[in-house]
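So the chains spell out like this:
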Amino acid sequence: MSSAELNDDVAAWTESSLAVEGRVLEVVTAPASVLSTVGADVDPTAPEIVQLAADLVATMRVSPGCVGLAAPQVGESVKVFCVDVSEHPKTRDHHGTFVLCNAEVVESSRNEKAREGCMSVPDFTGDVKRATRVVVRGQLPGTGETVTLRANAFEARALQHEIDHCDGLLFLDRAAGAHAIHARKTYL
Amino acid sequence: MGAVTLHAITVLGHDRPGIIAETTAILGGLGLNLEDSSMTLLRGHFAMTLISAGDADVDTVEAALASLASGGDLTVSVRELPVERVADLAGTSWVLSVHGGDRPGIVSSVVSRVAEVGGNITDLTTRLAGDLYVLVAEVDLPKDVDSDALLVSLRETAAELGVGVSLHEVEADEL
């Protein structure tokens, strides 16, 4: 996939456009009920959503190995998440750091199984089959601009994982089989 | 080939390197073939079940494996199994996931809903870490079972238990 397929508006986005200081929030872990609750749609221009977007990025930044964080993981049952897979070895093309509100997968193809971990399920990892190519539509916080982006490989997986969080789903809900959930052996 | 005897052999106890190597070397020495096996650690304890085929009798297999149990920290059992063909169920395959706060009765309540509709669990793992209890089961459902209705009944049970439940059909990608 050529970088020409990246969405320039998303790739150019940084949290500085939010113009608020992000706070590091506590990450909640399963079995917290907020993680199994479908998040509410949000107004991406609302000040509290702009603040939440900044907080999610700040919390992701201080968490080792974290490539994405969704609002339910910090106790907010709304459809907002951030992603940044730029430092991950499995990444191919990527859009850097960005936050999406009310995001949904509108196209997906080429399923692959891979092992996932999650800050909200710290003691397990799981084999999950997900699309390696997706088209995701959502809104940028602050401006509220609707964006559609194509993602592949690890960024596609991260997006689906975070969108699942916003829908009240954990990777545990997508386990590929009875032997797909593993005790975590290494912690980042 | 003459009549073949099947044995179910279980080895349980304190984990250490080499248990599988010793067990299978003994069985190989008796000319037994391993037809199926499953081994895992359950709360850190070694747990293995083997189905072997061969013409040794139970007493011979038991005697040969006695050295494994002589240390006192492993329990070995050997049982003869009837040779039977498992009927292929014309049905659909599903993965059932349940997770939530640990409490008594999660497994029994959930699998009862599956049993009520004639669903057969073909594989099951449960895990506990901290307060988080996770169950993942593979389930065969008879053709005439309404999976949507089963999911509704599973959700009712899950709500009573305060846990979440998911049911996904297994998709095999033919390559």
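Residues numbered from 1 in each chain as written. Chains lettered and ligands numbered in written order. Predicted model: local features only at pLDDT ≥ 70, side-chain atom pairs only at ≥ 80, totals over all residues.

What to know about helix H3 (residues 106-116) of chain B
Residue and element names in this part refer to chain B. Where H3 is concerned, the buried positions are Ile106, Val110, Arg113 and Val114. Here the buried residues of H3 occupy an arc of 100° about the axis, which is enough to place them on one side. Looking at H3, the residues exposed on the side facing more than 90 degrees away from the buried face are Ser108, Ser112, Ala115 and Glu116. Buried residues in H3 make contact with strand S5 (91-101), strand S6 (120-129), strand S7 (132-142), helix H4 (147-161) and strand S8 (163-169). In the segment just after H3, Gly118 is the residue with positive phi, at about 85°. (Buried ≥ 20, exposed ≤ 12 C-beta atoms within 10 Å, placed from the backbone. Helix = DSSP H or I, 4+ residues; strand = E, 2+ residues; numbered from the N terminus. Arc of directions from axis to C-beta. Contact = placed C-beta atoms within 7 Å.)

What about the pairing of S5 of chain B?
Residue and element names in this part refer to chain B. In terms of strand pairing, S5 meets S7 through eleven bridges, oriented antiparallel. In the strand pairing of S7, His99 is matched with Val134. Where S5 and S8 come together, seven bridges link them in antiparallel fashion. Each bridged residue has a counterpart across the sheet, and for His99 the counterpart in S8 is Gly164. (Pairing = 2+ DSSP bridges.)

A word on the nonpolar core
Formed by 37 residues in total, the largest nonpolar core has its most connected members in Ala53, Leu56, Val80, Phe81, Cys82 and Val99 of chain A. With eight residues, the top contributor of residues to this core is helix H2 (residues 47-62) of chain A. The contacts of Ala53 of chain A, once residues within four sequence positions are left out, are Leu18, Val80, Cys82, Val99 and Pro141 of chain A. Within the second largest apolar cluster, 36 residues are counted, among which are Ala178 of chain A together with Val95, Tyr133 and Ala158 of chain B. (Core = buried A, V, L, I, M, F, W, Y, C linked by C-beta atoms within 7 Å.)

Some points on the domain arrangement of chain B
Domain assignment breaks chain B into domain 1 (5-81) and domain 2 (91-169). Domain 1 of chain B and domain 2 of chain B are separated by 31 Å when their C-alpha centres are compared. (Domains from an automatic or database assignment.)

Considerations on H2 of chain A
All names here are of chain A. The end-to-end C-alpha separation of H2 is 23 Å, in line with the 22 Å expected for 16 residues at 1.5 Å each. For H2, the full list of buried residues reads Ile49, Val50, Leu52, Ala53, Ala54, Asp55, Leu56, Val57, Thr59 and Met60. Against strand S1 (68-70), strand S2 (80-83) and strand S3 (98-116) lie the buried residues of H2. (Expected span 1.5 Å × (residues − 1).)

Some words on the interface of chain A and chain B
Taken together, the contact between chain A and chain B spans 16 residues of the former and 20 residues of the latter. Split into classes, the residues belonging to the side of chain A that touches chain B amount to ten nonpolar, four polar and two charged. (Nonpolar A, V, L, I, M, F, W, Y, C, P; charged D, E, K, R; others polar.)

Details of the environment of Asp36 of chain B
Inspection of the secondary structure puts Asp36 of chain B in strand S2 (residues 33-42). In sequence terms Asp36 of chain B and Val163 of chain B are 127 residues apart; their C-alpha atoms lie 34 Å from each other.

Description of the sheet that holds strand S3 (residues 45-54) of chain B
Residues and elements named next belong to chain B. Reading across from one edge, S2-S3-S1-S4 is the order of the four strands in this open sheet, with antiparallel pairing throughout. The sheet terminates laterally at S2 and strand S4 (74-81), the two strands that pair on one side only. The sheet shows a mean angle of 10° between the axes of neighbouring strands, direction not considered. Against the sheet, helix H2 (residues 58-69) engages strand S1 (5-14) and S4, with an angle of about 165° to S4. (Axes fitted to C-alpha atoms, helices over the stretch in contact; angles between N-to-C directions.)

Some words on unusual backbone geometry
All names here are of chain A. With an omega of 10°, the peptide bond running from Ala30 to Pro31 counts as cis. As for its position among the elements, Pro31 is in the loop between helix H1 (8-12) and H2. Positive phi is not limited to glycine here, since Ala19 has a value of about 60°. Relative to the elements of secondary structure, Ala19 occurs in the loop between H1 and H2. Here the phi dihedral of Asn102 falls at roughly 55°; this positive angle occurs in a residue that is not glycine. With respect to the helices, strands and loops of the structure, Asn102 is situated in strand S3. Asn102 sits in the partly exposed class, given 19 other C-beta atoms within 10 Å.

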